[in-house]
Every structure is written in C-alpha cells, then in structure tokens.
Amino acid sequence: MPPATASLASPAHNAPQPVPAPGALASGLPAAVAAALWRGDQLGAPVAATLSSGFAVLDAVLPGGGWPCHTVTEILAPQSGMLEWRLLGPVLRQVCTAGHSVVLVGPPRPPHPPGLRFEGISERQLVWVQTETPAERLWATEQLVRANACGAVIAWLPQVRAEQVRRLQVLAAGCAGPVFLCRPASAAQESSAAPLRLLARVGADWALWVDVFKRKGPPLGTPLHVPSVPGGLQSILTPRLKQPSALLPSHPSGAAPRTPTPKVDHVVVSAPAASARRHRIAH
C-alpha cells in the first residue's frame, strides 16, 4: 500500500507573498491601462490633450503641463470679469492662432476688443452670448459644450449648483477644447465635480497669486506667484515700473513703522497725515 501523501501545503506556500511595487505592477499591464494608472501622491498624467497656460510656473503644477481639454476647469476670483482675462489670455491666444473661436457666456462686463487685441485675441474669433438669467447662462453653456462647436468656452456661472457642474463635466468629455467656469471666490468652500480648480488673486508687481487647491495630484502647499502684466503694458513699462513695489519709500533705521492702512478687498483707504490736517485747519 503506498504511503499516505500529506494533504497540507508546505509552510513555504502559506507564507505571505511580497506585494509588487507600483512600477512593477504597471509594467505588467497593457500600455493603455498602465497609462491610466495613477497614484494619489503623484501628479496625474493627462488623459486628454492639454494647452499650455503660457506661464511656466503654472504649467509645472498642472497635470499634463497645461489646461486640460475634454474637461471642466473652474477659475475662482474675488471679483468677476478682471483676473480671468489675465490668467486665460495666453491660452485664448493659442486658440485664436489655431483658427478656432472663443465663446463667452454671460461675462459681467462687455468684452473690450482693443484690450483683447494686445493679448492676441481677435474680435473676429470672439463670440459673446449675452444672457439675462442664471438659467439662460447654464442652458447656453450646455448647448455649446454638447455641440463641440468652438475652440474654448468661458462661462460666468456664479450661481451654478454642484449637480449642474457635474452635468457639464460629463458633457465636456465630448468637447475638444477646454471649458472654463468662472465663479466667485466663495465657491471654494463648495464641492465641485471639476477636476481642476484654481483661485486667483491680485499680487504685487503685476503678478497674480494662484492657488491650485484641487488637481489630480498631491495638494499644493503654497499659492503660486505668476507674473502677469496686462496686455498692452508689456511694451511700454520701463524696468523700474515693472517692479513698482521697489519704488515704495522704505522706513529709516530705527523709525517706527507707519500705522497700517485699512484695506477693503483691492481698494486701499488711507487717512490724511496729521500735518496735512493741521495745515488745512490753520488756513
């Protein structure tokens, strides 16, 4: 009678197997699947085409190195209709140079063609959709994104809801160009389906502070200092005026600093000096 065989596996088979490294796991997958694999501590690879933002410091932190196409990007600012043009001017110039049109939906102020020409944006390729109500803005934006009829869409939607942004994000998958939603800074506290969200504020010396607070990658610790001289001023500013903060008077050594002036958003309100007040009273 043959000896009984052991029914239990050897201890070597019961030992825990080592977990493969992420790189080794990706190497064993098809190329298309490996390209879509993303780890949360890494900057995501682009799943669609991207357009350079025109700012090297910003491209360095955007997934894919630029503004993504086939998706929705949110641009938040304290005051609508000002900083969006400075931040998006370079990419809109690329769209116009390629022969495509840029469609604006519900801008808070009428576009200024002479100023846009300095940014390389031709009024011949600019379409302004004037709307009166939030519902009209949303409907026009959805139709443009669904039709994929332009090179870029910029829509001002200050009152859009989370489920409406989600629907726009689904529709944007079939839109070849980038879709930008301009919203107030307070919307940063709300959830959004947009994969990329930025908050822009005014900085010193013709610069913007840009906080990329949502992206496909690790959180960005500090806001970016993005040099952004408004169109038309680049060619006429002297070297000293390109850095106006250096022209501010400095305090002498040991002198007490002046009382800080109260600020209201971007407007600085300062009280007249005490000597000036006495001079007016005496006369």
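Scroll up to find the structure this text is about.
Residues numbered from 1 in each chain as written. Predicted model: local features only at pLDDT ≥ 70, side-chain atom pairs only at ≥ 80, totals over all residues. Heavy atoms only, no water.

> Quick question: what am I supposed to make of the sheet that holds strand β4 (residues 102-105) here?
Note on sheets: strands pair through backbone hydrogen bonds, and any given pair is parallel or antiparallel. An order of β5-β4-β6-β7-β3-β8-β9-β10 is seen for the 8 strands of this open sheet, with the pairing classed as mixed. For this open sheet the edge positions go to β5 (126-129) and β10 (224-227), each flanked by a neighbour on one side alone. Across the sheet, the axes of successive neighbouring strands diverge by a mean angle of 25°, strand direction being ignored. Where β4 lies against β5, 4 bridges are found, and the strand directions are parallel. When the sheet's bridge partners are listed, Val105 is paired in β5 with Val129. (Pairing = 2+ DSSP bridges. Helix = DSSP H or I, 4+ residues; strand = E, 2+ residues; numbered from the N terminus. Axes fitted to C-alpha atoms, helices over the stretch in contact; angles between N-to-C directions.)

> Even after reading the chapter, I still don't get the pairing of β10, so can you show me in this structure?
As a general feature of sheets, a regular strand has side chains that alternate between the two faces. Of the two faces of β10, only the one carrying Leu224 and Val226 is buried; His225 and Pro227 on the other face are not. The pairing of strand β9 (residues 207-214) with β10 spans 4 bridges and is antiparallel. The residue bridging Val210 from the neighbouring strand is Leu224, located in β10. (Buried < 20%, exposed > 50% of the residue type's maximum accessible area, 1.4 Å probe, protein only.)

> Sorry if this is basic, but what is going on with the packing of aromatic side chains here?
When we look at a pair of aromatic rings, we describe it by the centre distance and by the angle of the planes. Taken as a whole and assessed by the stated rule, the structure comprises 2 aromatic pairs. Taken together, a centroid distance of 6.2 Å and an interplanar angle of 40° make the contact between Trp85 and Trp156 tilted. Within this pair, whereas Trp85 is found in helix α5 (residues 83-97), its partner Trp156 is found in strand β6 (residues 152-156), the two being separated by 71 residues in sequence. (Phe/Tyr/Trp six-rings, centres within 6.5 Å; stacked < 30°, edge-to-face > 60°.)

> Before we go on, may I ask you to explain the environment of Thr133 in this structure?
Mapped onto the fold, Thr133 is located in the loop between β5 and α7 (134-147). Take Thr133: its relative accessible area is 34%, and that puts it in the partly exposed class. Distance from Thr133 to Gly106, taken between C-alpha atoms, is 8.9 Å for residues 27 residues apart in sequence.

> Would you mind going over unusual backbone geometry with me for this structure?
Note: most peptide bonds trans; most residues except glycine with negative phi. At His70, a residue that is not glycine, the phi angle is positive and equals roughly 60°. Within the secondary structure layout, His70 lies in the loop between β2 (67-68) and β3 (72-77). Of note, Asn148 is a non-glycine position whose phi angle comes to about 50°, a positive value. A relative accessible area of 32% places Asn148 in the partly exposed class.

> Honestly, α5 in this entry has me stumped. Any pointers?
An α-helix turns once per 3.6 residues; consequently, residues spaced three or four apart project the same way. The terminal C-alpha atoms of α5, which comprises 15 residues, lie 22 Å apart, in line with the 21 Å expected from a rise of 1.5 Å per residue. Bending of α5 peaks at approximately 55° at the position of Gly89, with proline Pro90 no more than four residues after it. Of all 15 residues in α5, 12 are buried, a share of seventy percent or more. What α5 keeps buried is the set Leu83, Glu84, Trp85, Arg86, Leu87, Leu88, Gly89, Pro90, Val91, Leu92, Val95 and Cys96. Gly99, located one to two residues past α5, shows a positive phi value of around 90°. (Expected span 1.5 Å × (residues − 1). Bend = angle between axes of the 7 residues up to and from the residue.)

> Quick question: what am I supposed to make of helix α8 (residues 162-172) here?
Taken together, the buried positions of α8 are Gln164, Val165, Leu168, Gln169, Leu171 and Ala172. One side of α8 carries all its buried residues, which in axial view fall inside an arc of 165°. Contacts from the buried residues of α8 go to β3, α7 and β7 (179-184). (Arc of directions from axis to C-beta. Contact = heavy atoms within 4.5 Å.)

Fair warning: the whole summary comes from geometry, so function is off the table for now.
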